[in-house]
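# Structural features, examined
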Amino acid sequence: GEKLLRSWFARPSLDLEVLSQRQESIAFVISRQELLPQWKTLAKKIKDVRGLRASFDRGGLLLADYKAALSTAACAIHMRDMLLAAEASAERLHVMARLASVGSTELAELSNMIFGIVDFEASGRKDERAAKHICVKENVHPQLDDLRQSCAGMQNVLTSTAQEERA
């Protein structure tokens with residue numbers, strides 16, 4: 001949002017239809033002063049979707065990337081629902097068409113998939129490595145469960161071996 005708005009000011013569109021759509025959207029939001037604080041709060045929590053998508057495509061995601069994706073999905077759904085509830089004429093707005101094109105079903109499925117795979121509690125430990133590694137929940141895939149079992153006692157073996165070597 002912020003980067004996009006900045007680019008609009010730096011390189012304004014010359015397309016009258018685009019300018020008209022933006023003006024209609026701004027006029028609609030301004031006309032709903034009572035909802036403006038909540039919309040601002042939600043909009044701040046919506047992250048750069050292109051950037052998130054690029055992170056997902058590259059792989060090597062951090063826990064913060066998964067949390068940002070969840071926050072973005074939830075806030076986008078909530079914001080769209082608030083706009084629709086505010087007035088039926090909101091459906092005409094270009095911003096609503098863009099929010100609707102993503103689809104709440106897809107966003108909900110994304111959220112459910114992330115919650116079903118990522119073990120946020122185990123991933124969110126306060127040590128430095130936990131922020132860089134994502135823990136996968138049990139029963140996501142049999143191979144992952146087998147690897148988890150194989151590695152479960154490895155830390156104790158390595159610790160005792162290191163202590164024996166020091167002695």
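None of the values given here were measured: they were computed from a predicted structure.

## Considerations on the packing of helix α3 (residues 36-45) against helix α5 (residues 63-86)
For the pair α3 and α5, the least separation of the axes is 8 Å and the interaxial angle reads 150 degrees. When the axis of α3 is compared with that of α5, the two are roughly antiparallel. The crossing of α3 and α5 is left-handed. Of the residues in α5, those touching α3 at Gln38, Trp39, Leu42, Ala43 and Lys45 are Ser71, Thr72, Cys75, His78, Met79, Met82, Leu83 and Ala86. Looking at the contact of α3 with α5, its residues break down into eight nonpolar, four polar and one charged.

## Considerations on the side chain of Asp65
Tracing the backbone shows Asp65 in helix α5. Salt bridges are absent for the buried Asp65, whose nearest opposite-charge side chain, Arg58, sits at 6.3 Å. One polar contact links the side chain of Asp65 to the main-chain amide nitrogen of Leu62, over a distance of 2.9 Å. Excluding its chain neighbours within four sequence positions, the residues that come into contact with Asp65 are Leu52, Ser55 and Phe56.

## As for a nonpolar patch on the surface
Judged by side-chain polarity, Met113, Ile117, Val140, Leu144 and Leu147 come together as a nonpolar surface patch covering roughly 410 Å² of accessible area. Those elements that provide at least two residues to the nonpolar patch are α7 (104-117) and α10 (142-152). In this structure, Leu144 sits in helix α10. On the basis of relative accessibility, which here comes to 37%, the residue Leu144 falls in the partly exposed class.

## Points about helix α2 (residues 16-31)
Between the first and last C-alpha of α2 there are 22 Å, a value that for 16 residues agrees with the 22 Å anticipated at 1.5 Å per step. Its side-chain oxygen at 2.9 Å from the backbone nitrogen of Glu17, Asp15 defines the N-terminal cap of α2.

What counts as what
Residues numbered from 1 in each chain as written. Predicted model: local features only at pLDDT ≥ 70, side-chain atom pairs only at ≥ 80, totals over all residues. Heavy atoms only, no water. Axes fitted to C-alpha atoms, helices over the stretch in contact; angles between N-to-C directions. Helix = DSSP H or I, 4+ residues; strand = E, 2+ residues; numbered from the N terminus. Parallel < 35°, antiparallel > 145°, perpendicular 65-115°, else oblique. Left-handed = near helix turned anticlockwise from the far one by under 90°. Contact = heavy atoms within 4.5 Å. Nonpolar A, V, L, I, M, F, W, Y, C, P; charged D, E, K, R; others polar. Buried < 20%, exposed > 50% of the residue type's maximum accessible area, 1.4 Å probe, protein only. Lys, Arg positive; Asp, Glu negative; His and termini not counted. Salt bridge = Lys/Arg side-chain N within 4 Å of Asp/Glu carboxyl O. Polar contact = N/O pair within 3.5 Å; in protein donor to acceptor, adjacent residues only side chain to side chain. Patch = residues over 30% accessible without salt bridge, like charges linked within 9 Å, V, L, I, M, F, W, Y side chains within 5 Å. Areas by Shrake-Rupley, 256 points an atom, 1.4 Å probe, with all protein chains shown as cover. Expected span 1.5 Å × (residues − 1).

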